[in-house]
Amino acid sequence: MSDVVGVLALQGAYEKHVEMLSGLGVESRLVRFARELDDCCALIIPGGESTTMSLLIQKFNLYDILREFAEKKPVMGVCAGAILMAETVDDSRVIPLKIMPITALRNNYGRQVSSFSANLNLKCDDEDSAYAAHFIRAPGLASNNDIVEELASYNNEPVMMRMGLHMALSFHPELTNDDRVHVCWLSGFHPSFQ
Ligand code: GLN
């Protein structure tokens, strides 16, 4: 199996994921066309603007292809990417991919001016140290399905959720030097982390 991780590069903050993966010794490739997914073992849907990304997914005929990919392979959605992974979104301009049974509320933590950092306690590693998470016009995430696990919360609201090998995050793990979130996701499947 290929061990190349795809990073959806239609719009938004995809470059920093490439850098973080490279720092972890993981090969990645930018994905803009369906055929570029063929040799990917997993996919990151980055942060950005979910309404725009949703339009581009339709325009490039990627909707069904991304859903089929997620049935077989792990996906991590960051911020706008988490919104796209949801089952339902509070904005009809976004056509969610329904990869995880979660609800996303856009801009739940305020707009650009209220972007902030907060220390989180991650439930996916043995380290006790706080994880400094960066929230930028971050979505609220919710699920009442038992197959969805909460890996971190902020103000008693889930901000990092996992279902099998999929993960959805309200914050941006690529905007820090702390690679624990990427490692947490990759350790579920990537040959270099087994
Ligand atoms: N607020 C943006 C949206 O709804 C997401 C912001 C982000 O990805 N940092 O699409």
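Topic: the overall build of the protein chain
Alright, step 1. For the protein chain, the count of helices and strands is five helices and twelve strands.
Alright, step 2. For 194 residues, the compact-globule formula gives about 16 Å, and the C-alpha radius of gyration of the protein chain, at 15 Å, lands near that figure.
Alright, step 3. For the protein chain, the C-alpha atoms occupy an extent of roughly 40 × 40 × 35 Å along the three principal directions.
Alright, step 4. Taken over 194 residues, the protein chain has a buried fraction of 51%.
Alright, step 5. Approximately 8900 Å² of the protein chain is accessible, and the part contributed by carbon and sulfur atoms is 46%.

As for the site of the ligand
Alright, step 1. The ligand sits among Gly 47, Gly 48, Glu 49, Ser 50, Cys 79, Ala 80, Ile 83, Arg 106, Asn 107, Ile 136, Arg 137 and His 172.
Alright, step 2. The separation between an oxygen atom of the ligand and a polar main-chain atom of Ser 50 is 2.5 Å.
Alright, step 3. Take Arg 106: an N or O atom from its side chain is 2.6 Å from an oxygen atom of the ligand.
Alright, step 4. Computed on the free molecule, the ligand has an accessible area of 300 Å², of which 98% lies beneath the protein chains in the complex.

A closer look at the side chain of Ser 54
Alright, step 1. Within the secondary structure, Ser 54 sits in helix 2 (residues 50-59).
Alright, step 2. The exposure class of Ser 54 is buried, given its relative accessible area of 1%.
Alright, step 3. Excluding residues that lie within four positions of it along the chain, Ser 54 makes contacts with Leu 84, Arg 93, Val 94 and Ile 95.

Describing the sheet that holds strand 12 (residues 166-169)
Alright, step 1. Reading across from one edge, 2-1-3-4-12-11-10 is the order of the seven strands in this open sheet, with mixed pairing throughout. Among the strands making up the open sheet, the edge pair consists of strand 2 (28-31) and strand 10 (149-154). Geometrically, the sheet is characterised by an average inter-axis angle of 20 degrees between neighbouring strands, direction not taken into account.

Section: the pattern of salt bridges
Alright, step 1. Tallying each qualifying case throughout the model produces nine salt bridges.
Alright, step 2. Linking Arg 29 and Asp 39 is a salt bridge whose minimum nitrogen-to-oxygen distance equals 3.6 Å. Of this pair, Arg 29 sits in strand 2 while Asp 39 sits in the loop between strand 2 and strand 3 (40-45); the two residues are ten residues apart in sequence, bridging distant segments of the chain.
Alright, step 3. Since its relative accessible area comes to 35%, Asp 39 is described here as partly exposed.
Alright, step 4. A salt bridge links Asp 91 to Arg 93; the nearest nitrogen and oxygen atoms lie 2.8 Å apart.
Alright, step 5. Here the salt bridges do not stand alone but share partners, grouping Glu 49, Asp 91, Arg 93, Arg 106 and Arg 137 into one network.

Reading guide: rules and limits
- Residues numbered from 1 in each chain as written.
- Predicted model: local features only at pLDDT ≥ 70, side-chain atom pairs only at ≥ 80, totals over all residues.
- Heavy atoms only, no water.
- Helix = DSSP H or I, 4+ residues; strand = E, 2+ residues; numbered from the N terminus.
- Rg over C-alpha atoms; globule rule 2.2 N^0.38 Å.
- Buried < 20%, exposed > 50% of the residue type's maximum accessible area, 1.4 Å probe, protein only.
- Areas by Shrake-Rupley, 256 points an atom, 1.4 Å probe, with all protein chains shown as cover.
- Near = heavy atom within 4 Å.
- Polar contact = N/O pair within 3.5 Å; in protein donor to acceptor, adjacent residues only side chain to side chain.
- Contact = heavy atoms within 4.5 Å.
- Pairing = 2+ DSSP bridges.
- Axes fitted to C-alpha atoms, helices over the stretch in contact; angles between N-to-C directions.
- Salt bridge = Lys/Arg side-chain N within 4 Å of Asp/Glu carboxyl O.

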